[in-house]
Amino acid sequence: MSVIDWSPQPSGNAVADRSIPAHDGASGREIPSLIRGVMAAIRRMSDAQGGALTTAGVGDAYTVTTGVGLTGLRAGLQFMVRANRDSVIAPTLRIDGLPAVDWLSAGADVPVVLRAGRIYSVVYDAASDVVRSIIPEMSVDASAPLRTLDYFGALGSGRDEDAAFAQAIEYMASSGRKVGLKGGGLYGCNTKIVIPAGGGLVGAGGSKILARRGSFNNQDLTPDGRKGNNAVVIDLSGHPTDPAKASLAPSLENVRVVYGAPSGSGTDLIRAVSAVRAFNVLDALIADNEIVGFPLGKGIVAGTLQGNGRIIRNHIHDFLDNSTGWLAANVPQITGIEIDNDRVGGIFSDGVLIEGNRIVGLKVGADFLALYGYQTDGINLCGTLYARVIGNYIRSVGEGIDSFGSHGTFSGNELLDCYIFGLKFIHGAKNNAAFGNVIMRFGLAGITLAGSTEKDVGNTTGNRVSGNLVKDYAANPSFSTATSACVLMQDNGGANGSGNTGGATQLPTGNVIENNTLDPNGASYGIVRSVAGSNDYADNKLAQPGRSGEVAHMTDGGKFVPYVKTNVRVSAAAAVPLTAGGVALGLDTVSTDRRSEFSTATQRLTIKSPGDYDVALRSVVSGLNSGDRVLLDIRVNGNTVATVFAYCPNGAFLTPVQVAERLTLKAGDYVEFQARITGTGSVATVATAGGIPSTVMTARFVE
């Protein structure tokens, strides 16, 4: 019998231990023996719990003799033991000759990693019939050197290191410290690595985590499925539902994460896996990592990032998928960096810095493309606030940057060889600034601002797109008949302006497109304007004149109509008597009217496209008395908007009188012209002189 067998009730201990005579009627001579027995039992228990025990056995079959004399294992049994040798793979422990049980880590169902000479706390887990141990020496001096994964039993030779990762996670959680990966080390991984608050993994040049294809095989696209143990390799997330319980300052730095063998290597396997996940995190740092070779899924997926969140200098490249077994309604995308598609407590990330990342080669195969389209994004922001997207290099993806966010800054990014769009603001993106970006070799449009078929997201508005270089259309078969442009405005989010398909009426409106250099080089247009939305297009430089330098707008039916620049020249030869009330000038000779906007019958110029127009009128007047005054008027929608007058002495021919004005006009506005006379009341005329027409009117659209 042992102290473990003693009863918690005094009456139950009369004969509980034959070495301690505690029965009623014991003689006084037995009392010293009783005391000595109790003292010995306490000492044996003290040794068992104080670390004086040392294991024995061979290989992974460990044994220990407690001295307590256990007759069975009971829930809650706990003692300390010193390992006499390193474990190999999966240690077991035989206690006091009882049947051996598996020896696992306290934090996960993985074998504990034992190191010779270290002391381990051992607790019997009755529910699982195993013993568990926490790693030793959990209290760590903050100034101590960074421990590497090798400290927890990893070799870094390419074998699976799930047990070492599990113990490293326990160490991080208790110490708030990071763990290093040795330079050139290769660490196999079969389940999600969860980085706790304050913890992190830090590589040292060539450190690589190999995510096994056979283990990371998620096909569940629900929110829970997307974060499962087989769906995410490294997870820095905080509490899953409470934004007030964010994880503080976890990090991943200088680590190479590779999706690799064994168990299948084909790109047609149905899998959706993300390399790095970070949700509900304060001051997250994901920096200088390389992520390569993944299927559908995300390189870095995050949401509800607060404080000084930084995703910087990561290299995400060579993702490829050609699977075809997905439902068309919920096909996952390949995305380099995705923010806020999922959120905790509905809270959007605020102020995250996405800078200096290199995202290259996120591709789909021909079978996938034929069924689902080119579903890849370099960076996708789904409602994110005040994001800073700066200096990223993105090449060979479906869309370079796709943002639904607000108040963001997008500058200095290079967006090259994008299959569809380079930069896109859509679904109610508001008050963003995009400037100084270079977009080259786009498949449909370099920059697009679109509305949405989703209800309640509001218009895409208040965005300023300024000082960007957009050049070189790179045609691809998917858009061989589509209208392409350096800048493409899309009403209601319909593809290529195809119109509203979801019952919403969200528009790109109130945006400014200015000072951009646009070189279509084969695209249909330089700029395609929104019809329903009112946006400001100012001082954009179209590098190539001609068809590629034209501007277009969309009709309500989704068709593109070129914005042929208004250029009207109309004159009159006949003399027109002037009156004080004003007369039309008899403009009857149309020499130029590219859009058929002037009617000789009504004497009106009726505008077909909104914009700014320079309008000028010149007339030659004769028959005036001294002191008479002639006035020329430009009228818009029946109201005089500009007038010029001149005096003419002695009835001589006047030098032509001219009035000119820059007018901002809407489609349907009409412009009229008239001449008037004031003075003595004599009759004067607008008449020809020396072959010069009596009146000439010109109107030109101002780009």
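Remember, it's a predicted structure, so these values are computed and weren't measured experimentally. (Residues numbered from 1 in each chain as written. Predicted model: local features only at pLDDT ≥ 70, side-chain atom pairs only at ≥ 80, totals over all residues. Heavy atoms only, no water.)

K.L.:
Tell me about the overall build of the protein, and name the residues and values.
P.N.:
On a plain count of helices and strands, the protein comes out with three helices and 62 strands. Pairs at least 24 residues apart make up 70% of the contacts formed inside the protein by residues separated by at least 6 positions. Carbon and sulfur atoms provide 52% of the accessible area of the protein, an area that totals close to 28,400 Å². (Helix = DSSP H or I, 4+ residues; strand = E, 2+ residues; numbered from the N terminus. Contact = heavy atoms within 4.5 Å. Areas by Shrake-Rupley, 256 points an atom, 1.4 Å probe, with all protein chains shown as cover.)

K.L.:
So what's going on with the confidence of the model for the protein? Residues and values would help.
P.N.:
Summing up the model confidence of the protein, the mean pLDDT is 82 and the portion of residues at 70 or higher is 80%. Counting contacts from residues 493–504, a segment whose pLDDT is below 50, to residues more than four positions away or on other chains yields 27 contacts. Taken together, the stretch residues 545–550 has pLDDT below 50 and engages in 15 contacts with residues farther than four places along the chain or on a different chain. (pLDDT = per-residue confidence, 0-100.)

K.L.:
Help me get a handle on the pairing of strand β29 (residues 376–381), residues and values and all.
P.N.:
Within β29, six of the six residues are buried, which leaves it mostly tucked inside the rest of the structure. Bridging between strand β26 (residues 334–339) and β29 involves five bridges; their strand directions are parallel. Each residue of the ladder has a partner; that of isoleucine 339, found in β29, is leucine 381. In this sheet, strand β32 (residues 399–403) lies alongside β29 in parallel orientation, the contact comprising four bridges. When the sheet's bridge partners are listed, aspartate 377 is paired in β32 with glutamate 399. (Buried < 20%, exposed > 50% of the residue type's maximum accessible area, 1.4 Å probe, protein only. Pairing = 2+ DSSP bridges.)

K.L.:
Now, about the packing of aromatic side chains: what can you tell me, with residues and values included?
P.N.:
All told, the structure shown has 10 aromatic pairs when counted by the stated rule. Ring centres of tyrosine 151 and phenylalanine 152 lie 5.0 Å apart, and the angle between their planes is 80 degrees; this geometry places the pair in the edge-to-face category. The pair formed by tyrosine 151 and phenylalanine 152 is uniform in burial state, with each residue classed as buried. An angle of 65 degrees between the planes, with centres 4.7 Å apart, marks the rings of phenylalanine 368 and tyrosine 372 as edge-to-face. Of this pair, phenylalanine 368 and tyrosine 372 both sit in helix α3 (residues 366–372), four residues apart, which is roughly one turn of the helix. Assigned by exposure class, phenylalanine 368 and tyrosine 372 land together as buried. Ring pairs connect the aromatic residues Tyr151, Phe152 and Tyr171, which therefore count as one cluster. For arginine 85, the ring lying beneath its charged end belongs to tyrosine 62, and the centroid distance is 3.8 Å. (Phe/Tyr/Trp six-rings, centres within 6.5 Å; stacked < 30°, edge-to-face > 60°. Lys NZ or Arg CZ within 6 Å of the ring centre and 35° of its normal.)

K.L.:
Pulling in residues and values, what's your account of the sheet that holds strand β62 (residues 695–702)?
P.N.:
With respect to topology, five strands assemble into an open sheet ordered β52-β49-β62-β55-β59, the strand pairing being antiparallel. Of all strands in the sheet, those bounded by a partner on one side alone are β52 (589–593) and β59 (657–665). On average, adjacent strands in this sheet sit at an angle of 10 degrees to one another, irrespective of strand direction. (Axes fitted to C-alpha atoms, helices over the stretch in contact; angles between N-to-C directions.)

K.L.:
Break down the sheet that holds strand β56 (residues 621–622) for me, citing the residues and quoting the values.
P.N.:
Hydrogen bonds along the backbone pair up the strands of a sheet, which may run parallel or antiparallel. The antiparallel open sheet is built from three strands, whose spatial order is β50-β61-β56. Each having just a single partner strand, β50 (576–577) and β56 make up the two edges of the open sheet. Looking at chain direction, β50 and strand β61 (residues 685–686) are connected through two bridges and run antiparallel. Within β61, the position partnered with proline 577 by the bridge is threonine 685.

K.L.:
Lay out the nonpolar core with the relevant residues and their values.
P.N.:
Counting residues in hydrophobic clusters, the biggest one holds 97 residues, and the most contacted among them are Leu149, Leu201 and Ile209. Excluding residues within four positions of it along the chain, leucine 149 makes contact with Ala154, Ala164, Phe165, Ala168, Val179, Gly180, Leu181 and Tyr187. Membership of the second largest hydrophobic core comes to 33 residues, among which are Val621, Val636, Ala642 and Phe701. (Core = buried A, V, L, I, M, F, W, Y, C linked by side-chain atoms within 4.5 Å.)

K.L.:
Kindly report on helix α2 (residues 162–175), identifying the contributing residues and their values.
P.N.:
With 14 residues, α2 ought to run about 20 Å at 1.5 Å a step, and its terminal C-alpha atoms sit 20 Å apart, in line with that. In terms of residue burial, α2 counts as a mostly covered element, since 10 of its 14 residues are buried. Burial in α2 covers these residues: Asp162, Ala163, Ala164, Phe165, Ala166, Gln167, Ala168, Glu170, Tyr171 and Met172. A positive backbone phi angle near 70 degrees is found at glycine 176, which sits one or two residues after α2. (Expected span 1.5 Å × (residues − 1).)

K.L.:
Lay out the environment of asparagine 217 with the relevant residues and their values.
P.N.:
Here asparagine 217 is to be found in the loop between β15 (208–212) and β16 (232–235). A relative accessible area of 31% means that asparagine 217 is categorised as partly exposed. Other than its neighbours up to four places away in sequence, asparagine 217 contacts Asn230, Ile270, Arg271 and Val273.

K.L.:
So what about the side chain of arginine 212? Which residues, and what values?
P.N.:
Residue position: arginine 212 is located in strand β15. A distance of 2.9 Å separates polar atoms of two side chains, one belonging to arginine 212 and the other to aspartate 160. (Polar contact = N/O pair within 3.5 Å; in protein donor to acceptor, adjacent residues only side chain to side chain.)

K.L.:
Could you give an account of the pairing of strand β60 (residues 670–678), naming the residues involved and the relevant values?
P.N.:
Two strands pair when backbone bridges link them, and strand β51 (residues 583–584) and β60 are joined in this way by two bridges, in the antiparallel orientation. Within β60, the position partnered with alanine 584 by the bridge is glutamine 674. Pairing of strand β54 (residues 604–606) with β60 involves two bridges; the strand directions are antiparallel. Pairing of threonine 606 across the sheet is with tyrosine 670, part of β60. Note that strand β57 (residues 629–636) and β60 share eight bridges and pair antiparallel. Across the sheet, the residue bridging to arginine 635 is glutamate 672, located in β60.

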